[in-house]
Amino acid sequence: MKSDFIKNSGLSLAAGVMIAVMVTANGMLASILGPWVSLVVIHLVGLLTAGLFLIIKKSTGNILKGVPFGYLLGGAVGVITILFNNLCVNNIGVAMTLGLALVGQIIASAIVEHFGILGMTKKKISLKKVPAYLLMIAGAAIMIWWG
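A brief look at the structure comes next.

### Here's the deal with the side chain of Asn 26
Turning to its location among the elements, Asn 26 is positioned in helix H1 (residues 2-33). Not counting residues up to four positions away in its chain, the partners in contact with Asn 26 are Ile 42, Ile 82 and Asn 86.

### Some details on H1
Given a rise of 1.5 Å per residue, 32 residues ought to cover 46 Å, and the 45 Å separating the end C-alpha atoms of H1 matches this to within 8%. Those residues of H1 that fall on the buried side of the exposure criterion are Val 23, Asn 26, Gly 27 and Ala 30. Considering only its buried residues, H1 is in contact with helix H2 (35-57), helix H3 (73-92) and helix H4 (94-115). Gly 34 sits one or two residues past H1 and shows a positive phi near 95 degrees.

### So, the packing of H4 against helix H5 (residues 130-146)
Direction vectors running N to C along H4 and H5 enclose 155 degrees, while the axes themselves pass 10 Å from each other. Looking at the two axes, H4 sits roughly antiparallel to H5. Crossing handedness for the pair H4 and H5: left-handed. Contacts between H4 and H5 involve Ala 95, Met 96, Gly 99, Leu 100, Val 103, Ile 106, Ile 107 and Ala 110 from the first element and Tyr 133, Met 136, Ile 137, Ala 140, Met 143 and Ile 144 from the second. The residue inventory of the contact of H4 with H5, partitioned by class, reads 13 nonpolar, one polar and no charged.

Rules used throughout
- Residues numbered from 1 in each chain as written.
- Predicted model: local features only at pLDDT ≥ 70, side-chain atom pairs only at ≥ 80, totals over all residues.
- Heavy atoms only, no water.
- Helix = DSSP H or I, 4+ residues; strand = E, 2+ residues; numbered from the N terminus.
- Contact = heavy atoms within 4.5 Å.
- Expected span 1.5 Å × (residues − 1).
- Buried < 20%, exposed > 50% of the residue type's maximum accessible area, 1.4 Å probe, protein only.
- Axes fitted to C-alpha atoms, helices over the stretch in contact; angles between N-to-C directions.
- Parallel < 35°, antiparallel > 145°, perpendicular 65-115°, else oblique.
- Left-handed = near helix turned anticlockwise from the far one by under 90°.
- Nonpolar A, V, L, I, M, F, W, Y, C, P; charged D, E, K, R; others polar.

None of this, on its own, says anything about what the molecule does.
Right, dumping it as structure tokens:
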């Protein structure tokens, strides 16, 4: 059980590193192609990459069978997220874009878990965590103020 936690923590850390690389690369692509064309190119490359993974894993049949519609919204949200990143990264920088996005993600994820949105296991927001949320918001405010 502890080894799964450590493995997943490592994967999450690696995902964070990859997000920084992705946002930087996407922003540079957007500076050349513009935010809208780059959005299409990014998702075509993503589709090809995901398709390659499906081929490697030998996934066949109706891969969406039994998937509730609401669970598919992540794809639409992902497109909007990348568009917003593309619009921001060349204006406010990668660190500011990701810093503010991270604050938004942490607060939104706490709300999702608190209310059990989309079937997530409910994990009530602990009053002990409120100072940490406030500290993150203060940090974001400082980043904006002294940008």
